[in-house]
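# What the coordinates show
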Amino acid sequence: MPTDLPFSDDAAPHALLLTKLLTVAERIAHQGDMQAVPELLDMASEHPESPELAALAEAFAKLVVQHEVKEFELQCTIDHLQRTKQDLELANYDPLTGLANRAIARDRLQQGMEQSRRSNLPLAVFYMDLDRFKWVNDNMGHAAGDELLRQVSQRLRDAVRAVDTVARLGGDEFLCILPDMLTVTDAQALAARLVYSLAQPFPLAAGIASIGTSIGIALFPDHADHVDGLIACADAALYQAKNAGRNGWRLYERPSA
Ligand SMILES: Nc1nc2c(ncn2[C@@H]2O[C@H](COP(=O)(O)OP(=O)(O)OP(=O)(O)O)[C@@H](O)[C@H]2O)c(=O)[nH]1
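Quick summary incoming for the structure in this document. What you see is a predicted model, and the numbers here were worked out from it, not measured in a lab.

## With respect to the side chain of D129
Here D129 lies in strand 1 (residues 123–131). What makes D129 buried here is its relative accessible area of 13%. What D129 contacts, discounting residues up to four positions off in sequence, is D172, E173, T213, S214, L238 and K242.

Following this line, the structure appears as structure tokens:
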């Protein structure tokens, strides 16, 4: 009788079973294939004579439960992070245009002023108000007005640098915060470009809309050295731009004594 066979007749089915068992176990352990666990449990119930199988099935069944608990915990964390992110977006960004809101604008202005102090380069604030925007709402509909506000936001974003902030203060009012302007002339040139850009027609679903924009410019540190003062100067300059006939910009001028 040859004796060099790996298993006796009795051992062969056991070896076959262990081979299958290892294959399934490897699928679970190496490929993370949790679908294979029920197969393992079925095998264990079909072969109550195999203690290895019973032990392994039990170990993997525990693993599946732990895996599901971890997956549940992970999903809870992801849900929580998504809710926090949404809350933050609602608190910080204008939902219509995706631009920063007033609160963030104030914060960026404060940061920009600190940066300007370090770099010794002026910071410019543009206070902008669209001209004839109400006409679009009244004649083309509120939805067209919303679409126009979104397109205006995009043009403003496209015109400024990544370091600049464009914020929507509300209605048709925007604030641009432009740190590290090299010269006053640079700020004036940018304002002229923005006026030109927003004077170009806007293709809306309801038709073509034409508006304009007025911009008031204030500079840190020349005109004011704190957030509210600088915004107030830019607002005063905007008032002058509107009074001068709209569709243009004005640099803040101190009232003569
Ligand atoms: N579609 C839309 N309209 C808005 C929104 N918020 C405010 N408005 C409207 O924006 C308009 C702003 O009014 P004004 O600034 O006086 O309008 P204007 O025609 O630009 O006036 P001038 O600046 O004097 O040229 C009002 O009609 C508001 O109802 C908004 O989120 N969506």
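Next comes the rest of the description.
## Re the packing of helix 2 (residues 36–46) against helix 3 (residues 51–92)
Axis separation between helix 2 and helix 3 bottoms out at 9 Å; the angle between their running directions is 150 degrees. It follows that helix 2 is roughly antiparallel to helix 3 by the angle criterion. For the pair helix 2 and helix 3, the sense of crossing is left-handed. In contact with V37, L40, L41, M43 and A44 of helix 2, helix 3 contributes L53, L56, A57, F60, A61 and V64. Its residues placed into classes, the contact of helix 2 with helix 3 shows 11 nonpolar, no polar and no charged.

## Comments concerning the side chain of D94
For D94, the location among the structural elements is in the loop between helix 3 and helix 4 (102–119). Its relative accessible area of 11% is what places D94 among the buried residues. Reaching out from D94, the side chain makes a polar contact with the side chain of T97 at a distance of 2.5 Å. Each residue touching D94, except ones within four places of it in the same chain, is listed here: L99, A100, N101 and R168.

## Section: the nonpolar core
Considering soluble globular proteins, one finds that nonpolar side chains tend to be buried as a cluster. Core analysis: the largest hydrophobic core is formed by 32 residues, its most contacted members being F126, M128 and V152. Listed by contribution, the elements that provide at least two residues to this core are strand 1, helix 5 (133–140), helix 6 (142–159), strand 3 (173–178), helix 7 (184–199), strand 4 (202–204) and strand 6 (212–220). Looking at which element gives the most residues to this core, the answer is helix 7, with 6 residues. Not counting residues within four places of it along the chain, the set of residues in contact with F126 comprises F174, L175, C176, L178, A187, L190, A191, L194, I215, G216 and I217. The next biggest cluster of nonpolar side chains, apart from the first, holds 23 residues, and it includes L123, V227, C233 and L238.

Cut-off values and rules
Residues numbered from 1 in each chain as written. Predicted model: local features only at pLDDT ≥ 70, side-chain atom pairs only at ≥ 80, totals over all residues. Heavy atoms only, no water. Helix = DSSP H or I, 4+ residues; strand = E, 2+ residues; numbered from the N terminus. Buried < 20%, exposed > 50% of the residue type's maximum accessible area, 1.4 Å probe, protein only. Contact = heavy atoms within 4.5 Å. Axes fitted to C-alpha atoms, helices over the stretch in contact; angles between N-to-C directions. Parallel < 35°, antiparallel > 145°, perpendicular 65-115°, else oblique. Left-handed = near helix turned anticlockwise from the far one by under 90°. Nonpolar A, V, L, I, M, F, W, Y, C, P; charged D, E, K, R; others polar. Polar contact = N/O pair within 3.5 Å; in protein donor to acceptor, adjacent residues only side chain to side chain. Core = buried A, V, L, I, M, F, W, Y, C linked by side-chain atoms within 4.5 Å.

This is a description of form; function is not addressed.
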